[in-house]
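Results of the structural survey
If you want the building blocks of each chain, they are given just below.
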Amino acid sequence: MRKISYFLLCLVVFGCGPGKKSDEQAFLDSLNNLELDAPMISEEVIAEIVQQVPSPLEISYLLKDAGTQYNFGFLNTPDNSSNYNSNFQKAINLGIYGTDLGYANIYEENQDAIKYLNSIKGLANDLSIGQYFDFGTIARLATNSKNLDSLLLITTQNFNDINSYLQENKRSNLSVLILTGGWLEALHITCQVAQANPTNTQLIEKIGEQKITLDNIVQLLQFYTQDPAIADLHKQIVELKATFDQIEIITVYAEPTMEEVNGIIVTKDNSSTTVNITTENVEAIRAQVLKIRESIIS
Amino acid sequence: MSEEILKALTQLYAIITKQDGGVTDTERDFVITIFKEDLDQDSIKEYLALYDEFVGYGKEVEDEPDRKKLTSVKDSVKTLAICRKINKTLTQKQKVVVLIKLLELVGSDRNFSSQRMEIINTVSEVFNIVNEEYKLIESFILYTGEDRLDKEDLLIARKRADEELQFTKQLEVSISGELIFLKVRSVDMYFIRYLGQEEILLNGFAIKRGLTSHFSHGSTIKTPVGDALYYSDLVRHFLSEVESVSLSFVASDLQKQFPNGAFGLRDVNIAEGPGKLIGIMGASGAGKTTLLNVLSGIDMPTAGSIKINGVEFFSDESEKIKGVIGYVSQDDLLIEELTVYQNLYYNAKLCFADFSEEELEKRVMSTLANLGLDQRKDLRVGNALDKTISGGQRKRLNIALELIREPAVLFVDEPTSGLSSRDSENVIDLLKELSLKGKLIFVVIHQPSSDIYKMFDKMMIMDVGGFPIYYGPPVEAITYFKAATNQVGADKGQCPTCGNVNPEQIFNIIEAKVVDEYGEFTNKRKVNPTQWKELYDTTHKPEKVEEIHELPPRSLKIPTYLKQTLIFAKRDLLSKLSNKQYMLINLLEAPLLAIILAFLVRYKNSPDSLSYVFRFNENIPVYLMMAIIVALFMGLTVSAEEIIKDRKILKRESFLNLSWNSYLLSKVTILFALSAIQTILFTVIGNLILEIHGMTLTYWLVLFTISCTANVMGLNISSAFNSAVTVYILIPLLIIPQMVLSGLLFNFDKLNELVSTKGKVPVVADMMSSRWAYEAIAVRQFKDNEYESKFYDFEKDEFQADFKSSYWVKELKNRLNHVIENHKSTDDATAAKIRGNLELIKNELIDEAGTSVVNDIDLNIACDPTKFSTAIGLELSRYLEKLAQKYLDEYNLAVQKKEKLIYGLEKSFSYDLGDIKNQHYNESLADLVRNLSSKERIREFNGRLLQNVDPIFNVPKAPINSINYRTHFFAPVKFLFGATYDTYWFNLSVIWGMTLIMYLTLYFELLRKVIVAMEKVGSKFARKEKL
């Protein structure tokens, strides 16, 4: 008797199912009729802007000079890589891991570096750009901080290659996402380090300087807002931009002068940039970046 | 007889004789004769003295009439006491003998006073002898030949049947006077009295005139003229059944020659009617069993014919006599696990389709009762090691299995071998009784005891080389052979004092060896088989039997095929259920293996190594293969012995002409059911431990299917080979190719070129059910799990387009560039390469576009090396570029759709895709079916480009040939007869198709036939080598 009632219960449950399912079915059907969206802007323009965004690894030097301790807690754990299902998640986290790899590398945390490398490898393969990573070489370089220059060179080169490949294949959205991820993670780490070293003005200024890069990124993301996931991200970044907009960057232009240094004539940039940033600004940025990043890596 | 009983009997004699006038000398003499039969000289005196004392012999009789009455009352009381004492010790048969003795005692001087008769009457009552029978015995003993005596159970033999004296039973014998036979029905004993003047010999001894003698089994009566009356002939007159059986069994000029040329039988002639028990004796190797096999129709004679009621064996008509013959082999043909009753019951059920359940039960019980097995009916039959019933009982049960359907002709091979003398006698007694009921029974017998030997109606003696050298009454065989070798006392077959015969004597005579000059036996026989045969032929004329032409009676009615299947299945199931070890092992095997296997391969594999997640279990692909191998193994081992085990029973049942198909179906049904249980246990437990969700039914169906195939495969080898050991040795031979060619252990592309076709599953692997099963389960698990099923269609587009744009077009471009650059070269090697490249480009593009004209370029012309020009090359190049763009767009669209889907599912329908993926998607399996470990993504083979990655997403092109089912491994769909099928269902159908084919080979026993043929060829070669 009990069995029969279970059976009936199952029937009822299944019987009630389609109500929810039909919505989903309609959604699925809508997907089948989807047409290919392409960004309004040409690939060349995108590439140009992408070029202007500095490599996140550059921040790593700064952090090392600040003399702070390595903190794995700042980073996105490489174990998360298996949680990313969509190309959106994969690409943006690939960027994040790239920065994390650089951070682990300057502190000679080789075990962690290898782990990040593996995660990067997995994500890159999933995005069919695995062929642009010579993992053997990177692994060798990444396990020795003395090779940081080479690593920087090779990753930049890689990124350029990937970029042109993706561009060729009309998948620049991925480049943009990788870039955004890398930048965001660098900003995040800097904010975290800055919070631990509130007296380090250099770090804080660096954060402020990101206003310029952020403008580029907002611009880039803008092109792809037809992708709902990117649209969401764009919205968040725009909010972040609002905070950054409170920061003032004043550049006082002065003519460059020629000087002789050790017998070589060099051009000296005499312009000076002042960044007006308050601790409140930094805190607000830190909190916002943390939130955005959280929504990306989880 | 114990002293006590003897004393009691003596008293009884005394009491009777002293009544009414006391003992006379005649009576006293009679008592002495009775004593003489049982006692030695000294004891006789002792008991006679006792008798005299009781009876008061020699004392003066005090004639006091008034005391007489008193004495008789006292005697009556005494009589009662004595009879009660006797009742406790003597069997009914012995009691009947005592009663007869008492009557004879009274009859010795014919003093039948009422007192005496009254006492005898009392005795008979206390002895529980039915009054009617008592009256019959009385009239038999008191008969003097003057009055008319005509009773059902009496037979009178006399010179000629008087017309005025028509008896119910009478027999014509040339003797003076009358010979009367009495049958005491209740104890089944026969007695004779002779009233005449001649010397009639009973077993070689003269019958005393007027006295009653026990006419025991195998007795012979000889008249002075030399006529012989055999026990069986006489007894037949008392049995009414015999008359109604019309049967003739005629074997003429039988010859049997073995394949190696040796003779098994020569010139055997047998002609018999109903109701005979015929023994077949002979030295070992003389061809007894051969004879029995030929007579029963198991073996075909090389020459000669056998007819039952005119219907010849091995002819078109032989159907008509099916079921008439019964055969009890030397081996036990019992189902060990079943009880005595069940053995008989299911056999009966297969014989009598038209019986109701009650009738069946009655029939079985009466058969059991007849064979004295009714007390043992609920005991398991068991085997030699695990005995529950005795050897004799087993033998009787074997006979019962044949008897229950009452065949008219029964062949029994050495029923007494290995039995105690008592059991032997019981068994032969039983056969004798049956023969008396009208059956014709042939028994191969070995070293029979005297009593058993005498029970036969006829004895056939065979000599080495298949020569029949004697065929006639058993006791006469001894006199015949003695006479033939001029031995003393040739006229006496049995021992003059004890009546025993010694059948060994016959063989001593037949096989007597010539003695050499040193007095040692040589190997040469005094009389060789041929001479014995000639001698027999000259001295004996073959008997004729009246051939009957009506069909022999048969009670056999075989059930319908379906019913047979059910009966077989029920019987098999019962026997399996009663074998607790077998059941336990079979039911525990699957769960245990599942636990061991699944437990071992479950490990903490999540990225943080803290927990188990199905998705990251790298052992899943191997686990799936092991599951298939386990299913194969279980299926094979459980069935491999089935038919071998039953072969004995099948041999017995071959006489019933039952349906082989029904038998096989019953086997298959039970095995399939067992496989279903085993595989469901395995799947459920394995999937629970490994947290494989939503695939239980999928796995089970595959494992069940594969197990069923293995079942039928096992039945095939079980039917083809003779011993269980051979079969178990064969199992690895069957399993290992299945493992090797399952598709997981070795890549199909990396097998020997002789068997492999690049890009397709090799045909040898297609013959392995494991490969179909593995593909089915892997494809289904990957493609249709709860996670991947949402994305499969998009990913299929995505990865296919990706392959085309990233590899395929690129490869074609490279080749085209090579052609453009080098097409003017005159170098032979380059020219060959150009030809090859152009051919490949043409093939690929035609296949791609489905037409030979693309973009206004006629590929047949464009790819002709003689007509190729740079302009054409550039044109083609542009076309390739267009293709690349097309696939790029397709790819991006698929990716976009997938991205939207993921976003939608997570945001709008709140799916936790990560969780779903962890539970349903396995990375290692994905790597396997996407072949990501392969370095080469694209390869050239036979002028075509083969996709080496993502076989699971690679939908094969429909073949031109509609019966071409071949695709690459892990293809998501299959084709046949112009239709497309899902791989899972297609593969399952293929395996069931294999099962069906193997069932057919099983049904036609093809494997067995092949093996027999091979053995024949082998032995021919061996013989040639010898020559």
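Note that the structure is a prediction, hence the values are computed from the model and not measured.

Right, let's talk about the overall build of chain A for a bit. The helix and strand tally for chain A stands at 12 helices and four strands. Excluding contacts between residues fewer than 6 apart, the proportion of contacts in chain A whose partners are at least 24 apart in sequence is 71%.

Right, let's talk about the interface of chain B and chain A for a bit. With 21 residues of chain B at the interface, the matching set in chain A holds 20 residues. For the side of chain B that touches chain A, the element with the highest residue contribution is helix α31 (residues 870-907) of chain B, accounting for 13 residues. In terms of residue class, the side of chain B that touches chain A is built from nine nonpolar, five polar and seven charged.

Residues and elements named next belong to chain B. The pairing of strand β10 (residues 249-257) with strand β11 (residues 263-272) spans six bridges and is classified as antiparallel. Following the sheet pairing, Lys-256 is matched in β11 by Leu-265. The hairpin formed by β10 and β11 contains five residues between the paired strands, and Gly-261 there has a positive phi angle of roughly 100 degrees. Relative to strand β13 (residues 303-308), β10 runs antiparallel, the two sharing five bridges. Considered in β13, the bridge of Phe-249 is made with Ile-308.

A word on the packing of helix α21 (residues 620-640) of chain B against helix α23 (residues 660-690) of chain B. All names here are of chain B. One can describe the packing of α21 onto α23 by two numbers: an axis separation of 10 Å at closest approach and a directional angle of 155 degrees. Judged on the interaxial angle alone, α23 and α21 are roughly antiparallel. For the crossing formed where α21 meets α23, the hand is right-handed. Residues Tyr-623, Ala-627, Val-630, Ala-631, Met-634, Gly-635, Val-638 and Ser-639 of α21 touch α23, and the partners they reach there are Leu-671, Leu-674, Ser-675, Gln-678, Thr-679, Phe-682, Gly-686 and Leu-690.

Our next topic: the sheet that holds strand β19 (residues 467-472) of chain B. Residue and element names in this part refer to chain B. Spatially, the six strands line up as an open sheet ordered β15-β16-β17-β12-β18-β19, and their pairing is mixed. Either end of the sheet is taken by a strand with one partner, and the two such strands are β15 (325-328) and β19. The sheet shows a mean angle of 15 degrees between the axes of neighbouring strands, taken without regard to direction. For strand β12 (residues 276-282) and strand β17 (residues 440-444), the ladder comprises five bridges, and the chain directions are parallel. In the sheet register, Gly-279 faces β17, and the bridge partner there is Val-443. Packing against the sheet, helix α10 (residues 288-295) makes contact with β12, β16 (409-413), β17 and β18 (458-463), and its axis sits at approximately 155 degrees to β17.

We now examine unusual backbone geometry. Residue and element names in this part refer to chain B. A positive phi is found at Asn-128, a non-glycine position, where the angle reads about 60 degrees. For Phe-970, which is not glycine, the phi torsion reads 65 degrees and is therefore positive. We classify Phe-970 as buried; it has 23 C-beta atoms within 10 Å.

Rules used throughout
Residues numbered from 1 in each chain as written. Chains lettered and ligands numbered in written order. Predicted model: local features only at pLDDT ≥ 70, side-chain atom pairs only at ≥ 80, totals over all residues. Helix = DSSP H or I, 4+ residues; strand = E, 2+ residues; numbered from the N terminus. Contact = placed C-beta atoms within 7 Å. Nonpolar A, V, L, I, M, F, W, Y, C, P; charged D, E, K, R; others polar. Pairing = 2+ DSSP bridges. Axes fitted to C-alpha atoms, helices over the stretch in contact; angles between N-to-C directions. Parallel < 35°, antiparallel > 145°, perpendicular 65-115°, else oblique. Left-handed = near helix turned anticlockwise from the far one by under 90°. Buried ≥ 20, exposed ≤ 12 C-beta atoms within 10 Å, placed from the backbone.

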